[in-house]
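Descriptive analysis of the structure
In case you want the letters, here they are:
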Amino acid sequence: MKVRFLGAVSAVALLVTSAAAENYKMTTDVAPGVASPELLETSIGLLRLEDGVPTDWSTDKIYDNLDRSRALQAYLLAIPIVNQVSMRNTLKEYGPLNTTDVIWEDLVDSKTIELTANDNVVYSFIWLDTTDGPLVVETPPDVLGLIDDMWYRWVADVGITGADKGKGGKYLLLPPGHTGDVPDGYFVVRPTTYGNWMPFRSFLNAEGDPKPGVEKVKETLKIYRLGEADSPPEMKYVNLSGEPSNFVAPQDYSFWELLNEAIQEEPSTGSDPTTLGLFASLGIEKGKPFAPDARMKKILADAANVGATTARALGYRMRERDGYIYPDGNWRKPFFGGYKFEVSPGVANLDGAAFFYFLATGVTPAMAEKMVGEGSQYPWTALDADGNPFDGGKTYRLHLPKDIPAKRFWSAIVYDTQTRSMLQTDQRFPSVSSQNKDVKVNDDGSVDVYFGPAAPDGMENNWVQTIPGKGWFMILRLYGPLETWFDQTWRPGEISLVTN
């Protein structure tokens, strides 16, 4: 028999028992909402309590739901650290930590599976580990980069927006809790984790050649232990341009194994008690083996599926209008809540963090705050002018009004909605950029960019190929953004459907 509850009166009636009906000397009225009814219809099904105590079968149902809900939240909170440990493990495949620079000497192309990578600059990926003590990094001149810790929190910028101002400099990374003397002559960085990721970009010259920038990196980049400046180890350079590679973390059950790996390695002081408590409730706790039973494995596998799909919804179909740049358009902010992902100081923006870390890499104020002519901005969209997801079998147009506000360059790059990496088509570089001198500019100085299975006549250099039956999204990059971007006197057009 299905029991229905229509309000507080019915609930109170159900909790009346023979014992409660008796009046004792100390009996008083119980305020509404304090006691529980005997039967509850809930989102997880019918629950039964005996004088406020859940029955055996209700208890099982409650604990299953508690573990599922904690696992979902834990998944969303763990996306950044799992991304980082996965990144570290991939970089280790190419050479030792601290002395290996995985570099894309001829630019990143679509054979690289990497979250929303850029094919307009030369990337260097380096993993820094201070487990054995303080580490010195001598950065090259005229690069743009950052250091993020194992939790993917910003630690420092290096290069143009860093303390060296693009001249190159010596950065001293100290291990967590370091109490020793700190010598002068360094830009001191104090991460709260041993593991740290340092990506930086070097730029093409005026002729569009990446080689001078690559050579400068190889001439000047040094990484060594403090006190070993006279005999630094030789750097290893691994060129991945044109080579198949994967830097994207898994989203299935193995996600939890990677999380456990990171938790075992890093100090607990790198996170907060609530987050670590969520992980511990699932059996992931520093100093203890991760050995879930069959029941918990099933819950964790399900939470990974639900968590990844939740992150995709937050990314591609976000419901919060504050995550959009314009109130009447579909261009999105990459940093929803700033580079700290906060709705207000000290209050986390959970949705903003989850979507960003699922779709992107690299956290720095230089990509989120106003830095006229220096940093970079990344408006992006997964929806056309009518609010529909992009269809790879259709043709679309993006109109960029004249005076595009980018001191260095601009680019429009297309990504696969599945891998969040460059769309793999017949084009090595799925992008249109001002670095390409053959891009057609309209008489009024504006530029039209086309996306579709085939290029419109005469617009081959302004076209990015898409695949029928496959979704995509795109990022408009502005390197060295100008004031007209920040004051919104310049605005990109919405991406409009041209043909079906």
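What counts, and at which threshold
Residues numbered from 1 in each chain as written. Predicted model: local features only at pLDDT ≥ 70, side-chain atom pairs only at ≥ 80, totals over all residues. Heavy atoms only, no water. Helix = DSSP H or I, 4+ residues; strand = E, 2+ residues; numbered from the N terminus. Buried < 20%, exposed > 50% of the residue type's maximum accessible area, 1.4 Å probe, protein only. Contact = heavy atoms within 4.5 Å. Areas by Shrake-Rupley, 256 points an atom, 1.4 Å probe, with all protein chains shown as cover. Lys, Arg positive; Asp, Glu negative; His and termini not counted. Charge placed at Lys NZ, Arg CZ, Asp CG, Glu CD. Pairing = 2+ DSSP bridges. Axes fitted to C-alpha atoms, helices over the stretch in contact; angles between N-to-C directions. Salt bridge = Lys/Arg side-chain N within 4 Å of Asp/Glu carboxyl O. Polar contact = N/O pair within 3.5 Å; in protein donor to acceptor, adjacent residues only side chain to side chain. Phe/Tyr/Trp six-rings, centres within 6.5 Å; stacked < 30°, edge-to-face > 60°. Core = buried A, V, L, I, M, F, W, Y, C linked by side-chain atoms within 4.5 Å.

**With respect to the overall build of the protein chain**
Helix and strand content of the protein chain: nine helices and 26 strands. Along the first, second and third principal axes, the C-alpha set of the protein chain runs to 90 × 65 × 40 Å. Out of the 500 residues belonging to the protein chain, those deemed buried represent 50%. Long-range pairs, those at least 24 residues apart, make up 71% of the contacts in the protein chain between residues at least 6 apart in sequence. Roughly 23100 Å² of accessible area belongs to the protein chain as shown, and the carbon and sulfur atoms make up 51% of that amount. Distance between charge centroids for the protein chain: 2 Å, based on 47 positive and 66 negative side chains.

**Quick look at the sheet that holds strand β8 (residues 143–149)**
What the six strands build is an open sheet, ordered β9-β8-β12-β6-β4-β14; its pairing is mixed. The open sheet has two edge strands with one neighbour each: β9 (154–159) and β14 (236–239). Here the strands of the sheet are splayed against their neighbours by 20° on average, with no regard to which way each runs. The sheet strands contacting helix α3 (residues 56–92) are β4 (100–103), β6 (122–129), β8 and β12 (195–202), and the helix crosses β6 at an angle near 100°. The sheet contacts of helix α4 (residues 211–220) involve β4, β6, β12 and β14, and relative to β12 the element is tilted by about 140°.

**With respect to the environment of Y326**
On the secondary structure map, Y326 appears in the loop between α7 (294–316) and β16 (342–344). On a C-alpha basis, the gap between Y326 and Q488 in space is 9.1 Å, while along the polypeptide they are 162 residues apart. With sequence-adjacent residues up to four places away left out, Y326 is seen in contact with R321, W331, W485, Q488, W490, R491 and P492.

**Section: unusual backbone geometry**
Where the residue is not glycine, phi is negative for most of them; where a peptide bond is considered, it is trans in most cases. The backbone of Y152 shows a phi angle near 65°, a positive value even though the residue is not glycine. Phi is positive for R420, which is not a glycine, with a value near 60°.

**Structural notes on the pairing of strand β21 (residues 406–416)**
Along β21, nine of the eleven residues are buried, which leaves the element largely enclosed by surrounding structure. Of the strand pairs in this sheet, β21 and strand β25 (residues 472–481) are connected by nine bridges, and their pairing is antiparallel. What sits directly across from F409, in β25, is Y479.

**Overview of the pattern of salt bridges**
Tallying each qualifying case throughout the model produces 17 salt bridges. Note that R88 and E265 form a salt bridge whose closest N and O atoms lie 3.0 Å from each other. Remark: E265 occurs in helix α5 (residues 254–265) and R88 occurs in helix α3; sequence separation between them is 177 residues. In this structure, E105 and K218 form a salt bridge, with 2.8 Å as the shortest nitrogen-oxygen distance. A residue pair is termed long-range when its members are at least 10 positions apart, and E105 in the loop between β4 and β5 (112–113) and K218 in helix α4 qualify at 113 residues. In this structure E105 comes out as buried when scored by relative accessible area, which is 18%.

**Considerations on the side chain of D384**
Mapped onto the elements, D384 comes out in the loop between β19 (380–381) and β20 (395–400). Lacking a salt bridge, the buried D384 has K394 as its closest oppositely charged neighbour, with an N-O distance of 6.8 Å. A distance of 2.8 Å separates a polar side-chain atom of D384 from the backbone nitrogen of D386. Those residues in contact with D384, other than ones at most four positions away along the chain, are N330, F390, Y396 and I495.

**A short note on the packing of aromatic side chains**
Pairs of aromatic rings are described using the distance from one ring centre to the other and the angle between the two planes. Within this structure, the stated rule accounts for 32 aromatic pairs. Look at F125 and F247: their rings are 5.9 Å apart centre to centre, the planes differ by 90°, and that puts the pair in the edge-to-face class. Taken as a pair, F125 in strand β6 and F247 in the loop between β15 (245–246) and α5 lie far apart in primary sequence, 122 residues in all. With respect to class, F125 is no different from F247; both count as buried.

**Things to note about the nonpolar core**
Counting residues in each nonpolar core, the largest one holds 80 residues, and the members touching the most others are F125, F247, W256, L259 and F279. The element that contributes the greatest number of residues to this core is α3, accounting for eleven residues. If we skip the residues at most four places from it in the chain, F279 touches A74, A78, W151, L259, I263 and I284. Formed by 26 residues, the second largest nonpolar core is a distinct cluster that contains A406, A412, V439 and W485.

Treat this as a map of the structure, not an account of what it does.
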